[in-house]
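# Examining the three-dimensional arrangement
What follows is the residue order along each chain.
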Amino acid sequence: MTSAAPGAHDVEAPRAYDFKNLHYKGAGGVLIPLLQKFQVQDGYISRERIAEIHRKTGVPLSQIFGVATFYAQFRQHAVGRNIIKVCHGTACHVAQADGISKALKDQLRVGEGETTPDREFTLETVACLGCCSLAPVLMINKDTHGNLKPADLRKVLKPYREQKTKAGS
Amino acid sequence: MRILVGLGTCGVAAGAGATYAAILARTGTLHGSCKVGKTGCVGMCYREPLVEVRENDGKRWQYGQMTPDRVDRLLEEHVGKGEPIEEWLVWTSDGKGQEKAFLDRQERIVLRNCGVIDPEKIEEYLEVGGYQALKRVLYQNDPDGLINVIIESGLRGRGGAGFLTGMKWRFTRLAPGKQKYVICNADEGDPGAFMDRSVLESDPHSVLEGMAIGGHAIGSTQGYIYVRAEYPMAVERLNIAVAQAEARGLLGDDVFGTGFEFHVELKEGAGAFVCGEETALIASIEGRRGMPRMRPPFPAVKGLWECPTNINNVETFANVPWIVLNGAQAFNRLGTANSKGTKVFAMAGKIRRGGLVEVPMGISIREIVHDVCGGIKEGRKFKAVQMGGPSGGCIPAELENTVIDYESINKTGAIMGSGGLVVLDETTCMVDVARFFLDFTQRESCGKCTFCRVGTKRMLEVLVRITEGKGKEGDIERLENLASLVRNNSLCGLGQTAPNPVLTTLKYFRAEYEAHISNRKCPAHQCQALLTYTVNEKCNGCGVCGRACAAKAITGEKGKPHVIDHSLCTRCDECYRACRFEAITRV
């Protein structure tokens, strides 16, 4: 590992992982956990992070980029403060999840995968949140909300907005 | 006496967190002997939030829809005066309550502890006989005998394919190699399935115990749980469970002081459906793109880091401790000739009692839908069940007497799958259901095989075209041709089974496809491009529809019936939703 001078973006993570799998097959086994850690930290996987992981682990750049773009979890762009994931599983689909997505798009004036100009909300869709009996469902950050109607959405989003006004005032 | 609040993801989504907080806030008013606790999910998702009052002698009262405003009365009447509140009761241990039928037909092996114990306290799992099965197999120290018991029990993989679990263990045990691995596949990617989430959230230790028993059987010291990152609560509770088991020496370097070493590590999935396929899952743990590879060699011979690896899913592992403790016969007396034991189903869709049920194999679809789950919502007509998610298919209402066992389900063209059972009613368009699943598999195809990558895309285009009213003569044949190409020319299960939703809907609901293509009509009134909106005689001229219409297609004097101008109508459905008098007809 290189002993680069610690900078603002310096990675501490590799030390947190003890590389216990290194003796089997290189550093591959830690790649996804590392990317997940950075995504939690930064909200997305930046090019700088990819370069950094390459420097510290020796995993080829192509492999890191390949993995980071393969999995749905990893984003390549910065996101808003709150992430809304609208479930489009089977049960939600037959319970009109399309209507929920449409109402959110209208309300927030963003398209799928986009972030509101005030960087408050990012709108995403997910395959299934596993709360099928409460369909239609959405998840904001780590909270799940079920049995939704398009008319309820304003109320559901409100507390997430208020947090900011309080913090900002 | 104890008050227990069901705090699974579904309970919390229904507001159980607020109920729990409300009860805690009032604990000052409770008697000293009354404790408040958490538990997992009992499966009655349709009556969440659930609160249980449990006497010290084991008597239980389960209350449904316990919003915070009901807490005061519960504490006052039941806890304070000992008078249960009949009208809120959903189930009691002495056989009363409105939802008795839901639990009565069930046979609970996998879900034995779900909703009974606190998943975050290992003490409670130990109290109900937890880790006794592991202790027994370690003291007996006869891995071959153990594998024979699992084979004899007839337990088949609950992930979908239904391979005999004991045989899989034997192959891995016999495979040469010093280091071997056990992997628990908790990458429950099928939309419409949540069995594994519930088990992991409500009873994580039973899965860990099953894995450790599997580790002992095949001679492995390291287990991995590959769990979806979309299930944050399952991840959290598994982490707690692993730490607690290690602290008590039930996992770790020297389990039960017998010298058996077994560690469990969590790997969070990163959101790729294809990682449910075992070779893709292994690639993902190794830090590569989750792409499947050719089999053989099977993972039992060459798996994780090229070592022999045994992969089972959550439900399979949760069965194992029960089988060890109760014997193979107790398990294989349930079920049919080739499918033993029970199966957990995640019931969702247009059903009255949506939730988690565990029924013995051999029960019919009709019994599950009507007897256990109370039939269809709002009195509508039962149309079909979708089983097995994107790899499965739709079984029509005419075949509701099909029994649940691997072979009978396969005969219909669907598959058992991991257990998602989505119930569809007359308002569901089958072409749209097929389009939905194709859209899913098309996006989730890893791209390795051309027919899966491109073929599903072409199939989706045809389906989209049909639902948009632009279907052409010959589209059905085109779909069938593409389906057979995709099925026969894909490497892994994802591609091989991707056409199933299309093929089964074509087999049983061909007339619906034809109506879309030839008549430009959607019989279920779901495909918006094919709808015509008209105002009927119920209109009293309130004007709400006119204000809702962005295209200004609705006109009429106040108090007089309105008219829709079809040349302006964009079929946005806003008028239909806005009307409070059912005066808009969609045909």
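Here we summarise the structure given alongside this text. (Residues numbered from 1 in each chain as written. Chains lettered and ligands numbered in written order. Predicted model: local features only at pLDDT ≥ 70, side-chain atom pairs only at ≥ 80, totals over all residues. Heavy atoms only, no water.)

## Examining the pairing of strand β7 (residues 222-227) of chain B
Side-chain positions along a regular strand alternate between the two faces of the sheet. Residue and element names in this part refer to chain B. The element β7 is largely enclosed, with a buried count of six among its six residues. Burial along β7 is two-sided: Q222, Y224 and Y226 and G223, I225 and V227, pointing in opposite directions, are all buried. Direction of pairing for strand β6 (residues 181-186) relative to β7: parallel, over a ladder of six bridges. Across the sheet, the residue bridging to Y181 is Q222, located in β7. Looking at chain direction, β7 and strand β9 (residues 260-268) are connected through six bridges and run parallel. Following the sheet pairing, Y226 is matched in β9 by K267. (Buried < 20%, exposed > 50% of the residue type's maximum accessible area, 1.4 Å probe, protein only. Helix = DSSP H or I, 4+ residues; strand = E, 2+ residues; numbered from the N terminus. Pairing = 2+ DSSP bridges.)

## Notes on the sheet that holds strand β4 (residues 60-63) of chain B
All names here are of chain B. Spatial ordering of the open sheet is given by β2-β1-β3-β4-β5, a layout of five strands whose pairing is mixed. Looking at which strands have only one partner, the edges of the open sheet turn out to be β2 (35-39) and β5 (89-92). Going from strand to strand, the sheet's axes swing by 25° on average, the running direction of each strand aside. Two strands pair when backbone bridges link them, and strand β1 (residues 2-6) and β2 are joined in this way by five bridges, in the parallel orientation. By the bridge assignment, V5 is partnered in β2 with K38. (Axes fitted to C-alpha atoms, helices over the stretch in contact; angles between N-to-C directions.)

## Focus: the sheet that holds strand β3 (residues 138-140) of chain A
Residues and elements named next belong to chain A. In space, the four strands of this open sheet follow the order β2-β1-β3-β4, with mixed pairing throughout. Each having just a single partner strand, β2 (121-126) and β4 (143-145) make up the two edges of the open sheet. When strand polarity is set aside, the average angle formed by the axes of neighbouring strands in this sheet is 25°. Sheet topology places strand β1 (residues 82-87) next to β3; three bridges connect them, and they run antiparallel. Bridged to K85 within β3 is M139. In this fold helix α7 (residues 97-108) packs onto β1, β2 and β3, with an angle of close to 150° to the strand it touches most, β1. (Contact = heavy atoms within 4.5 Å.)

## A closer look at the packing of aromatic side chains
One pass over the full model with this rule turns up 10 aromatic pairs over all chains. Both rings, one in Y125 of chain B and one in Y131 of chain B, keep their centres 5.4 Å apart while their planes meet at 85°; by these two values the pair is edge-to-face. A relative accessible area of 2% places Y125 of chain B in the buried class. Within the aromatic cluster, the residues linked to one another by ring pairs are F70, Y71 and F74 of chain A. Above the face of the W88 of chain B ring, R73 of chain B is positioned so that its terminal group lies 4.9 Å from the ring centre. The ring of Y576 of chain B is capped by R586 of chain B, whose NZ or CZ atom sits 3.9 Å from the centre of that ring. (Phe/Tyr/Trp six-rings, centres within 6.5 Å; stacked < 30°, edge-to-face > 60°. Lys NZ or Arg CZ within 6 Å of the ring centre and 35° of its normal.)

## Brief notes about the layout of surface pockets
All names here are of chain B. By volume, the second largest pocket is sized at about 1300 Å³. Lining the second largest pocket are 50 residues; nearest its centre among them are G159, G160, A161, G276 and E277. Elements with a contribution of two residues or more to the lining of the second largest pocket: α8 (165-174), β10 (309-313), α16 (406-412) and α20 (493-497). The element best represented in the lining of the second largest pocket is β10, accounting for five residues. Considered class by class, the residues forming the lining of the second largest pocket number 17 nonpolar, 21 polar and 12 charged. (1 Å grid on protein atoms, 1.4 Å probe; cavity = no way out; pocket = protein on both sides within 12 Å on 5 of 7 lines; lining within 4 Å. Points joined across faces, edges and corners; volume = space filled by probe spheres on them. Nonpolar A, V, L, I, M, F, W, Y, C, P; charged D, E, K, R; others polar.)

## Some points on unusual backbone geometry
Residue and element names in this part refer to chain B. With omega at -5°, the peptide bond leading from R295 into P296 counts as cis. Here P296 is to be found in the loop between α12 (278-285) and β10. Cis rather than trans, the peptide bond between P296 and P297 has omega equal to 0°. With a phi close to 55°, K552 is a non-glycine residue in the positive phi region. Within the secondary structure, K552 is located in the loop between α23 (544-548) and β17 (554-555). Judged by relative accessible area, K552 falls into the exposed class, the value being 64%. The residue R571 is not glycine, and still its phi comes out positive at about 55°. Tracing the sequence through the fold places R571 in the loop between β18 (563-564) and α24 (574-578). A relative accessible area of 34% means that R571 is categorised as partly exposed.

## Re the environment of L138 of chain B
Residue and element names in this part refer to chain B. With respect to the helices and strands, the residue L138 is situated in helix α6 (residues 132-140). Along the backbone, L138 and V255 are 117 residues apart, and their C-alpha atoms lie at a distance of 8.5 Å. In this structure L138 touches H216, V255, F256, T258 and F260, once residues within four positions along its chain are discounted.

## Looking at the pattern of salt bridges
Residues and elements named next belong to chain B. As enumerated under the stated definition, the model contains 49 salt bridges over all chains in all. For R197, the salt bridge identified is with E201, shortest N-O distance 3.0 Å. With R197 and E201 both in helix α9 (residues 195-202) and four residues apart, this pair spans about one turn of that helix. With relative accessibility at 1%, the residue R197 sits in the buried group. Exposure remark for E201: the relative accessible area of 0% places this residue in the buried category. (Salt bridge = Lys/Arg side-chain N within 4 Å of Asp/Glu carboxyl O.)

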